[in-house]
Amino acid sequence: MARSVILGTGAAAPSKILTNQDLERIVDTSDEWICTRTGVKQRHIAEDGETTSSLATEASLQALEMAGVSPEDVDMIVVGTTSPDMYMPNTGALVQKNIGAHKAFAFDVFAACSGFVYALSVADKFAKDKLNSKILVIGAELLSTITDWQDRNTCVLFGDAAGAVLLSGEPKGDRGILSTHLRSDGSLWELLHIPGGGCVYPPSAEMAEKRDYCIRMQGNEVFKHAVRSLTDIAKEALKANHFSPDDVDWFIPHQANIRIMKQVAERLEIPIERVYVNIDRYGNTSSASIPVALNEANRLGRIKRGDVVLLDAFGGGFTWGAVIIRW
Ligand code: UT7
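First things first, this report covers the structure right here in the doc. (Residues numbered from 1 in each chain as written. Predicted model: local features only at pLDDT ≥ 70, side-chain atom pairs only at ≥ 80, totals over all residues. Heavy atoms only, no water.)

1. What about the side chain of Asp160?
In step 1: Topologically, Asp160 is positioned in strand 7 (residues 160–170).
In step 2: For the buried Asp160, no salt bridge is present, and the opposite-charge side chain at shortest range is Lys16, 8.7 Å distant.
In step 3: At a separation of 2.8 Å, a polar atom in the side chain of Asp160 contacts the main-chain amide nitrogen of Leu143.
In step 4: Among the polar contacts listed, one links the side chain of Asp160 to the side chain of Ser144, at a separation of 2.7 Å.
In step 5: The residues touching Asp160, leaving out its near neighbours within four places in the chain, are Ala13, Pro14, His44, Ile45, Ala46, Leu55, Glu141, Leu142, Leu143, Ser144 and Thr285. (Helix = DSSP H or I, 4+ residues; strand = E, 2+ residues; numbered from the N terminus. Buried < 20%, exposed > 50% of the residue type's maximum accessible area, 1.4 Å probe, protein only. Lys, Arg positive; Asp, Glu negative; His and termini not counted. Salt bridge = Lys/Arg side-chain N within 4 Å of Asp/Glu carboxyl O. Polar contact = N/O pair within 3.5 Å; in protein donor to acceptor, adjacent residues only side chain to side chain. Contact = heavy atoms within 4.5 Å.)

2. Quick notes on unusual backbone geometry
Leaving glycine aside, a negative phi is the common case for residues, and trans is the common case for peptide bonds.
In step 1: With an omega dihedral of 5°, the bond running from Met88 to Pro89 counts as a cis peptide bond.
In step 2: Considering the arrangement of structural elements, one finds Pro89 in the loop between strand 4 (76–80) and helix 4 (91–99).
In step 3: The peptide bond linking Gly317 to Phe318 adopts the cis configuration, its omega dihedral lying at -15°.
In step 4: By the secondary structure assignment, Phe318 is in the loop between strand 12 (308–315) and strand 13 (319–326).

3. Notes on the site of the ligand
In step 1: Neighbouring the ligand are 24 residues; Thr29, Arg37, His254, Asn257 and Asn284 lie closest to it.
In step 2: One of the side-chain nitrogen or oxygen atoms of Asn220 is found 3.0 Å away from an oxygen atom of the ligand.
In step 3: The separation between an oxygen atom of the ligand and a polar side-chain atom of Asn257 is 2.7 Å.
In step 4: In isolation the ligand has 950 Å² of accessible area, and contact with the protein removes 74% of it.
In step 5: Here the residues of the shell around the ligand sort into twelve nonpolar, eight polar and four charged.
In step 6: Of the residues that make up the shell around the ligand, three or more belong to each of domain 1 (3–173) and domain 2 (177–326). (Near = heavy atom within 4 Å. Areas by Shrake-Rupley, 256 points an atom, 1.4 Å probe, with all protein chains shown as cover. Nonpolar A, V, L, I, M, F, W, Y, C, P; charged D, E, K, R; others polar. Domains from an automatic or database assignment.)

4. Re the sheet that holds strand 1 (residues 3–12)
In step 1: Overall, mixed pairing links the five strands, which are arranged 1-7-6-4-5 in an open sheet. Of all the strands in the sheet, just strand 1 and strand 5 (105–109) have a single pairing partner and so form its edges. The average angle at which neighbouring strand axes cross in this sheet is 20°, direction not considered.
In step 2: Where strand 6 (residues 134–142) meets strand 7, nine bridges bridge the pair, whose relative direction is antiparallel. By the bridge assignment, Val137 is partnered in strand 7 with Val165.
In step 3: Against the sheet, helix 4 contacts strand 4, strand 5 and strand 6, and its axis sits at roughly 130° relative to strand 4. (Pairing = 2+ DSSP bridges. Axes fitted to C-alpha atoms, helices over the stretch in contact; angles between N-to-C directions.)

5. Considering the sheet that holds strand 8 (residues 176–184)
In step 1: Ordered in space as 8-13-12-11, the four strands form an open sheet in which the pairing is mixed. Since the sheet does not close on itself, it has two edges, and those belong to strand 8 and strand 11 (250–253), each with one partner. Neighbour-to-neighbour, the strand axes of this sheet turn through a mean angle of 10°, independent of strand direction.
In step 2: Of the strand pairs in this sheet, strand 11 and strand 12 are connected by four bridges, and their pairing is parallel. Among the inter-strand pairings, Phe251 is bridged to a residue of strand 12, identified as Leu310.
In step 3: Seen against the sheet, helix 8 (residues 219–240) touches strand 8, strand 12 and strand 13 and runs at an angle of roughly 145° to strand 12.

6. Considerations on the pairing of strand 4
In step 1: Extensive coverage of strand 4 is indicated by the burial of five of its five residues.
In step 2: On strand 4, burial covers both faces: Met76, Val78 and Gly80 on one face and Ile77 and Val79 on the other are all buried.
In step 3: With helix 4 bridging strand 4 and its parallel neighbour strand 5, the resulting β-α-β unit is right-handed.
In step 4: In this sheet, strand 6 lies alongside strand 4 in parallel orientation, the contact comprising five bridges. Opposite Val79, over in strand 6, you have Ile138 as the bridge partner. (Right-handed = clockwise from strand over helix to strand, strands pointing away.)

7. Description of the side chain of Thr52
In step 1: Counting through the fold element by element, Thr52 comes out in helix 3 (residues 52–67).
In step 2: Given the relative accessible area of 2%, Thr52 is considered buried.
In step 3: At 2.6 Å, the side chain of Thr52 and the backbone oxygen of Ser83 are in polar contact.

8. Focus: the nonpolar core
Generally speaking, a soluble globular protein has its nonpolar side chains buried in company with each other.
In step 1: Counting 44 residues, the largest nonpolar core has Phe251, Leu310 and Ile324 as the members making the most contacts within it.
In step 2: At the level of secondary structure, the elements contributing two or more residues to this core comprise helix 8, helix 9 (258–268), strand 12 and strand 13.
In step 3: Residue contributions to this core peak at nine residues, all from helix 8.
In step 4: Among the domains, domain 1 (3–173) and domain 2 (177–326) are the pair contributing at least three residues each to this core.
In step 5: The residues contacting Leu310, other than those within four sequence positions of it, are Ala234, Ala237, Leu238, Val248, Trp250, Phe251, Ile252, Leu268, Ile270, Ala322, Val323 and Ile324.
In step 6: Core analysis: the second largest hydrophobic core is formed by 31 residues, Ala111, Ile135, Tyr276 and Leu294 among them. (Core = buried A, V, L, I, M, F, W, Y, C linked by side-chain atoms within 4.5 Å.)

Pasting the structure below:
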């Protein structure tokens, strides 16, 4: 049976770090509140010249290097992002130019914090369709550019980063992506959205003044939906593969809030020791959070060949999804 196998991983984040103490000087908040309510201690924030595509490029080059694959052999590039460099061209096309992947076609997937899991699911289908194809799957965000730095409800949460995997369509074997599971519920879009910048509310001086190009979230409502949806889709993925929670070596959920991760892990009966957590150092990096965590776990040797890895994402839309990989 054909399978998509991850041959390499990479990640990048700006060198500038914004701590909770720094935020205490910007909005009415405290390190204690942010740590206990979210688990975030610091986040990386882009400086001049750093863009979503530049971080995506760095992460991609690392993934290619680990895989031992040349950019010229890449067939497809797909980027999950909600903070592209521009609305046109797509971020994937800029990565294609930057790395010199001349024969690749490129596009973005717009699914908020589920962007990477959505992109991986799409790439999985392409990879199995064209065996031996090489696909870069990226999650990349500069959330700092769409964060309202006067809104303490959201600005303490987000950070900038990118993560990438190099996927290969292998003719057979028991390694690789075992299944992907995606869901959406557009009826709840208002709970987590960016009001301005699209055709409904185009850019204007008024929009800029109200900072309506920034993320708006009803946090505690989103929290409840996130816990329920992440749990349900992960259970569906486990059931589809006849796995029990004990079969999962690493659970890598979207890093939105440590309390969400703990509640989901508890409901899934996966011990916290098998949950990969790095929200303390990155904050919520939306599409980038899962590939950044996956890359860290891989490079630290935490994930071993043959391990079962469960990815689980939830974001605006609402969108959510899970992927099971045998490493
Ligand atoms: O990535 C996509 C999916 N996103 C998520 O899954 C995020 C889901 N939501 C969350 O993670 C949490 O809801 C938040 C971290 C956003 C907020 O935590 P919460 O425990 O739900 O807090 P809350 O919004 O219910 O607010 C509790 C209190 C309020 O004060 P009062 O009304 O009780 O006096 C807020 O005004 O905490 C206050 N508060 C803050 N206090 C200090 C809100 N933000 C802050 C802050 N610092 N930064």
